[in-house]
Amino acid sequence: MNKGSVITMTEQGLQVPTYPIIPFIIGDGSGPDIWAAASRVVDAAVSAAYGESRGIVWEEVLAGEKAFNEVGSWLPAETVEAFQTKLIGIKGPLTTPVGGGIRSLNVALRQGLDLFCCLRPVTYFQGIETPVKAPEKVDMVIFRENTEDIYAGIEFESQSEEAAQFYAWLKETHPERAKKVRFPENSGFGIKPVSRDGSQRLIRSAIEYAIANKRKYVTLVHKGNIMKFTEGGFRDWGYELAKTEFGAEPIGKGPWCQLPCGIIIKDCICDAFLQEILIHPEEHDVVATLNLNGDYCSDALAAQVGGIGIAPGGNINYKTGHAVFEATHGTAPMLAGQDKANPSSVILSAEMMLRYMGWIEAADAIIVALNKAISKKCVTADLAEMIPSSTTLSCSAFADAMIAEL
């Protein structure tokens with residue numbers, strides 16, 4: 001059996017060997033069922049596309065409940081090191097421990113590896129009935145900033161010494177702003193860092209993606225009308241970048257601009273954007289936004305095309321090459337061990353991973369197989385609720401159905 005080689009990053013980009021070592025986290029709750037199904041689909045797609053000339057060497061690493069039970073740590077240093085040295089990996093859903101310790105294992109991985117971009121493509125698979133009239137109009141790719149905003153986790157608990165010290169500093173240095181704190185004695189405080197560098201590297205990646213994939217728009221989604229120096233800064237730095245690095249020219253009297261290739265750079269207030277994706281989804285294409293906005297918007301868009309069970313995600317640093325692809329849903333502990341969960345989120349996240357690696361034929365094969373399985377109305381229970389006259393399959397049987405289409 002091929003022992004595999006490590007993916008590397010050079011000035012020419014990712015260098016992927018024919019048998020790359022890919023670390024994976026099996027996930028908590030329904031994670032083991034999902035991974036058993038998803039990994040078979042991925043291996044079959046690679047085999048269908050390349051025969052024995054390429055293959056993935058899977059390397060399990062620990063995180064979440066399994067890691068805590070086996071080695072006493074929710075996120076062992078060895079796991080972070082494996083993703084650091086192997087560059088690309090994939091993970092199932094993880095439990096966030098209650099109480100002290102890590103706030104979120106997902107956030108810890110993103111920040112530890114500086115995976116500044118959360119990439120969330122949202123597209124519709126024919127045959128699924130959704131809450132909207134024309135789900136086929138939704139075809140967007142969300143670039144969500146991953147390392148800043150309130151997800152940085154800089155908070156001071158209500159009635160703690162830290163909160164009291166923070167308010168005392170605010171009152172002494174900015175007395176007018178301190179007056180805006182209605183109940184200082186029992187307020188918790190959070191800090192929202194948003195930088196020019198962090199914003200522009202995210203927006204740069206979104207614009208480069210739009211150019212490479214011949215998209216029409218890049219929409220900067222923000223709440224800059226209220227948070228003028230953070231989200232407003234994100235918006236302004238985005239337009240600045242488009243003009244200085246990509247040669248965008250203004251359109252009309254507003255801030256909108258257009259790249260030489262024809263792509264339009266525009267912006268939208270986040271609450272208005274949540275209306276826009278329902279009313280005019282075809283007017284938005286590639287979306288660049290901050291961390292919290294991206295969380296809300298990507299889940300709302302997933303609901304429009306069939307739910308988070310078929311929503312993939314990837315966390316990427318385009319400069320270093322590091323990437324961790326993941327299920328975007330929770331652990332669904334009530335389904336653990338029952339072979340009922342939908343493996344599509346991990347399967348589609350693996351499709352993203354293959355595409356990122358340059359294995360386009362295998363990635364395309366997965367999309368074709370999933371489309372065929374859904375069109376034949378052979379799906380897991382969550383999708384069966386949205387597809388009339390469908391046949392409900394187990395998690396493993398759904399994988400079998402997809403493999404039969406390869």
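The residue numbering used here restarts from 1 in each chain and proceeds along that chain's sequence as written. At least 70 in pLDDT is required for a residue's local features to be given in this predicted model, at least 80 for side-chain atom pairs to be given and counted, and no such filter applies to totals for whole chains, interfaces and linings, which use all residues. Where side-chain values are given, they derive from all heavy atoms of the structure, hydrogens and water being excluded.

### Re the pattern of salt bridges
The line we're drawing: Salt bridges are defined as contacts in which a side-chain nitrogen from Lys or Arg sits within 4 Å of a carboxyl oxygen from Asp or Glu. With a 1.4 Å probe rolled over the protein chains alone, any residue whose accessible area is under 20% of its type maximum counts as buried; one over 50% counts as exposed, and the rest are partly exposed.
Across all of its chains, the model carries 21 salt bridges by this definition. For Lys179, the salt bridge is made with Glu176, and the minimal N-O distance between the two is 3.2 Å. Residue classification places Lys179 among the exposed positions, given a relative accessible area of 60%. Arg235 is the salt-bridge partner of Asp236, the closest N and O atoms lying 2.8 Å from each other. Judged by its relative accessible area of 22%, Arg235 falls in the partly exposed class. The structure contains a network of salt bridges with shared partners spanning Lys91, Arg110 and Glu326.

### Looking at the pairing of strand β15 (residues 312-316)
This is how the line gets drawn: Numbering of helices and strands runs from the N terminus; a helix is a DSSP stretch of H or I covering at least four residues, while a strand is a stretch of E covering at least two. By definition, two strands form a pair when at least two bridges between them are found by DSSP.
Across the five residues of β15, five count as buried, placing the element largely inside the fold. Side chains Pro312, Gly314 and Ile316 of β15 all project onto a buried face; the interleaved residues Gly313 and Asn315 project onto the opposite face, where all are buried too. Strand direction decides the pairing type here: strand β6 (residues 117-123) and β15, joined by three bridges, are antiparallel. Bridged to Leu119 within β15 is Gly314. The pairing of β15 with strand β16 (residues 323-327) spans five bridges and is antiparallel. The residue of β16 that forms the bridge with Asn315 is Val324. Connecting β15 to the antiparallel partner β16 that follows it, the hairpin turn spans six residues, and Gly321 within it adopts a positive phi of roughly 95 degrees.

### Overview of the side chain of Ser349
Convention followed: We call two residues in contact whenever any of their non-hydrogen atoms come within 4.5 Å of each other.
Along the chain, the position of Ser349 falls in helix α11 (residues 344-357). Classification of Ser349 as buried rests on a relative accessible area of 0%. Discounting chain neighbours no more than four positions away, the residues touching Ser349 are Ile90, Pro312, Gly313, Phe325, Glu326 and Ala327.

### With respect to the packing of helix α7 (residues 196-212) against helix α8 (residues 231-246)
Worth spelling out the cut-off: Orientation is described by lines fitted to C-alpha atoms, with helices fitted over the stretch in contact, and by angles between N-to-C directions that extend from 0 to 180 degrees. Oblique is the label for any angle not under 35 degrees, not over 145, and not in the 65 to 115 range, which are roughly parallel, roughly antiparallel and roughly perpendicular in turn. The crossing is said to be left-handed when, going from far helix to near helix, the turn is anticlockwise and less than a right angle, and right-handed when the turn is clockwise. When residues are grouped by polarity, Ala, Val, Leu, Ile, Met, Phe, Trp, Tyr, Cys and Pro land in nonpolar, Asp, Glu, Lys and Arg in charged, and all others, Gly among them, in polar.
The geometry of α7 relative to α8 is characterised by a closest axis approach of 9 Å and an angle of 55 degrees between their N-to-C directions. When the axis of α7 is compared with that of α8, the two are oblique. In this structure, α7 meets α8 at a crossing whose hand is right-handed. Packed against α7, whose contacting residues are Arg196, Ser199, Gln200, Leu202, Ile203, Arg204, Ile207, Glu208 and Ile211, the element α8 presents Phe234, Trp237, Gly238, Glu240, Leu241, Ala242, Glu245 and Phe246 at the interface. Taken together, the residues that form the contact of α7 with α8 break down as nine nonpolar, three polar and five charged.

### Remarks on the nonpolar core
What counts here: We call a set of buried Ala, Val, Leu, Ile, Met, Phe, Trp, Tyr and Cys residues a nonpolar core when their side-chain atoms join them within 4.5 Å.
Counting residues in hydrophobic clusters, the biggest one holds 94 residues, and the most contacted among them are Ile88 and Ile265. In contact with Ile265, other than residues within four places in its own chain, are Ile207, Val218, Leu220, Tyr239, Ala242, Trp256, Cys257 and Leu259. Membership of the second largest hydrophobic core comes to twelve residues, among which are Ala82, Leu94, Leu105 and Leu109.

### Re unusual backbone geometry
Backbone geometry at Asp114 places phi at a positive 55 degrees, although glycine is not the residue there. Secondary-structure assignment places Asp114 in the loop between α4 (105-112) and β6. Take Asp114: its relative accessible area is 30%, and that puts it in the partly exposed class.

### With respect to the sheet that holds β16
Ordered by their spatial adjacency, twelve strands build an open sheet running β4-β3-β5-β16-β15-β6-β7-β14-β10-β13-β12-β11, and the pairing between neighbours is mixed. Among the strands making up the open sheet, the edge pair consists of β4 (57-60) and β11 (249-250). Two elements, strand β10 (residues 217-222) and strand β14 (residues 286-289), share four bridges in a ladder whose sense is parallel. Considered in β14, the bridge of Leu220 is made with Ala288. Sitting on the sheet, helix α9 (residues 270-279) is in contact with β7 (139-145), β10, β13 (264-269) and β14, with an inclination near 110 degrees to β13.

### Points about helix α12 (residues 360-375)
The following threshold applies: Multiplying 1.5 Å by the residue count of a helix minus one yields the expected span of that helix. The arc under discussion is defined with respect to the helix axis, by the directions toward the C-beta atoms.
The end-to-end C-alpha distance of α12, which contains 16 residues, comes to 23 Å, matching closely the 22 Å that a straight helix rising 1.5 Å per residue would cover. Ala362, Ala363, Ala365, Ile366, Ala369, Leu370, Ala373 and Ile374 are the residues of α12 that are buried. Projected down its long axis, α12 carries its buried residues within an arc of 160 degrees, all on one side. Structurally, α12 contributes buried residues whose contacts are with α1 (31-50), α11, β17 (378-379) and α14 (395-404). One or two positions beyond α12, positive phi appears at Lys377, with a value near 60 degrees.

### Quick word on α14
Residues spaced three or four apart along an α-helix face the same direction, because each turn holds 3.6 residues. Taken together, the buried positions of α14 are occupied by Cys395, Phe398, Ala399, Ala401 and Met402. Buried residues of α14, viewed axially, fall in a sector of 160 degrees; they line one side. Where α14 is buried, its residues contact α1, α11, α12 and β17.

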